[in-house]
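Coordinate inspection notes
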Amino acid sequence: MRRYIDLWVRCESFERCLEMIRCLKRLGFSSAAIELRGECVERFDHLKREAEGVGIKLYRKLVLEPSTRKELLKLLRENRGKFEVISVICRNLETALVAARDSRVDTIIIPVNPGYRFDKGVAALLRNRVELPFRYFLEDRGGFLRTASEIVSVLGKKCGIIVSSAGSSSLELRNPRQLASLLQVLGFDEERALDSISTEPVKLIEENLMKLSKNYVMRGVMRIG
Amino acid sequence: MAKRLKRRYVVVMAEPKVSGESVVKAVKSSYRELFGSFGLAISGFKVMKVYRDEGVAIIRCFLKHLPNLLLATASVTKLNGEDAAIRTLTISGTMKKAKEVAENYL
């Protein structure tokens, strides 16, 4: 049976966050990566315990929106060890080119109408997964579909695509089939579309949990026993 | 030999509760906005049953166009001028099963 993960949920207040966690469970998700803001930052452990009671595993997510390459590298250096998932919103080509090939970045997010071309040059460098937040679709349907179809046609099957809700309230969350329908409309088959909210993010989180564990020495080297 | 067209029955509900007619209207206009009148016409879109006060409806479409219908339901963000979401309760191959799920939910 598939395990579904919502890789981007934005939380600002504790109560609202709890409501969203219950909603995620109702919708059929088993885990979620949460971007913490405000009071939730300090109360993450409490939130995590509450979520486990409901049946949802929580992971911390950091979303960076740097304007220069230098800023991106600095933020990555400071934060990589503290979060399970790090995503970068690429507002310009300079940050997109760095984020696409840096192994400390998990997913890159191309905003709607980015102002640069996401072409084969960027796709060739891409080592990380591309994330499509559903909230962007709700905000600007036409613009998002145009950008997303460009991304899908350039990437083809080269790298993983992940769909997340990026919701900040329970009304902005959608169930896995609804999220997957976005990729199906863009030409993916059903299995691959569902992989984008189950297999791909599960793999990503497992890799990162391994990297954050005490036994991890370096890429390809683990301490056993 | 001509292939039989497969259909799917989608049970949708509104959150928070509004009338069933509003739900159907919102889904239909969202589908038209996303895929056009032609898209709507060839999708086999048909409202099978509306539970008026419960905000639940059963919509039928061809299996081939099911992702379009799901995306149309997901893209609804407002109902009667207020923030809302449309959830799918189940996707079924028979009307009997779809009705069962809808009535269990009520």
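Preceding this paragraph is the structure being described.
Description of the structure in this document. If you're wondering where the values come from, they're calculated on a predicted model, not measured in any experiment. (Residues numbered from 1 in each chain as written. Chains lettered and ligands numbered in written order. Predicted model: local features only at pLDDT ≥ 70, side-chain atom pairs only at ≥ 80, totals over all residues. Heavy atoms only, no water.)

Focus: the sheet that holds strand E3 (residues 56–62) of chain B
Adjacent strands of a sheet pair through backbone hydrogen bonds, lying either parallel or antiparallel. All names here are of chain B. On the basis of which strands lie adjacent, the open sheet formed by four strands has the order E2-E3-E1-E6 and antiparallel pairing. Sheet topology places strand E2 (46–51) and strand E6 (85–92) at the edges, where each strand pairs with a single neighbour. Ignoring strand direction, the axes of neighbouring strands in this sheet form an average angle of 25°. Of the pairings in the sheet, the one linking strand E1 (residues 7–15) to E6 comprises seven bridges and is antiparallel in character. Paired with methionine 13 across the bridge in E6 is arginine 87. (Pairing = 2+ DSSP bridges. Helix = DSSP H or I, 4+ residues; strand = E, 2+ residues; numbered from the N terminus. Axes fitted to C-alpha atoms, helices over the stretch in contact; angles between N-to-C directions.)

Quick notes on the pattern of salt bridges
Across all of its chains, the model carries 21 salt bridges over all chains by this definition. The salt bridge partner of lysine 17 of chain B is glutamate 54 of chain B, with a shortest N-O separation of 3.5 Å. Separated by 37 residues along the polypeptide, lysine 17 of chain B in the loop between E1 and helix H1 (20–42) and glutamate 54 of chain B in the loop between E2 and E3 bring together distant segments of the chain. Look at the salt bridges and you will find they share partners, linking Arg2, Glu191 and Asp195 of chain A into a network. (Salt bridge = Lys/Arg side-chain N within 4 Å of Asp/Glu carboxyl O.)

Describing the packing of helix H1 (residues 14–27) of chain A against helix H2 (residues 44–54) of chain A
Helix-helix packing: each pair is described by the crossing angle between the helix axes and the interaxial distance. All names here are of chain A. Running from N to C, H1 and H2 cross one another at 25°; their axes reach a closest spacing of 10 Å. Taken together, H1 and H2 sit at an angle that is classed as roughly parallel. Judged by the sense of rotation from one axis to the other, the crossing of H1 with H2 is right-handed. Together, Phe14, Cys17, Leu18, Ile21, Arg22 and Lys25 of H1 and His46, Leu47, Glu50, Ala51 and Val54 of H2 make up the contact between the two elements. (Parallel < 35°, antiparallel > 145°, perpendicular 65-115°, else oblique. Left-handed = near helix turned anticlockwise from the far one by under 90°. Contact = heavy atoms within 4.5 Å.)

Remarks on the interface of chain A and chain B
Listed per partner, the contact involves 19 residues of chain A and 23 residues of chain B. Counting the surface lost from both chain A and chain B, the interface buries some 1,600 Å², and carbon and sulfur atoms represent 58% of this. Together, Arg141, Leu171 and Gln178 of chain A form the three largest contributors to the area buried by chain A at its contact with chain B, with a combined 36%. For the pair chain A and chain B, the number of links is two salt bridges. Between glutamate 33 of chain B and arginine 141 of chain A there is a salt bridge, with the nearest N and O atoms lying 3.1 Å from each other. Here chain A is connected to chain B by 11 residue pairs in polar contact (both at pLDDT 80 or more). Counting residues per element, the side of chain A that touches chain B draws most heavily on helix H8 (residues 176–185) of chain A, at six residues. Grouping the amino acids of the side of chain A that touches chain B by side-chain chemistry returns 10 nonpolar, five polar and four charged. (Buried area = accessible area lost by both parts, 1.4 Å probe. Polar contact = N/O pair within 3.5 Å; in protein donor to acceptor, adjacent residues only side chain to side chain. Nonpolar A, V, L, I, M, F, W, Y, C, P; charged D, E, K, R; others polar.)

So far we have only geometry, and geometry alone does not tell us how the molecule works.
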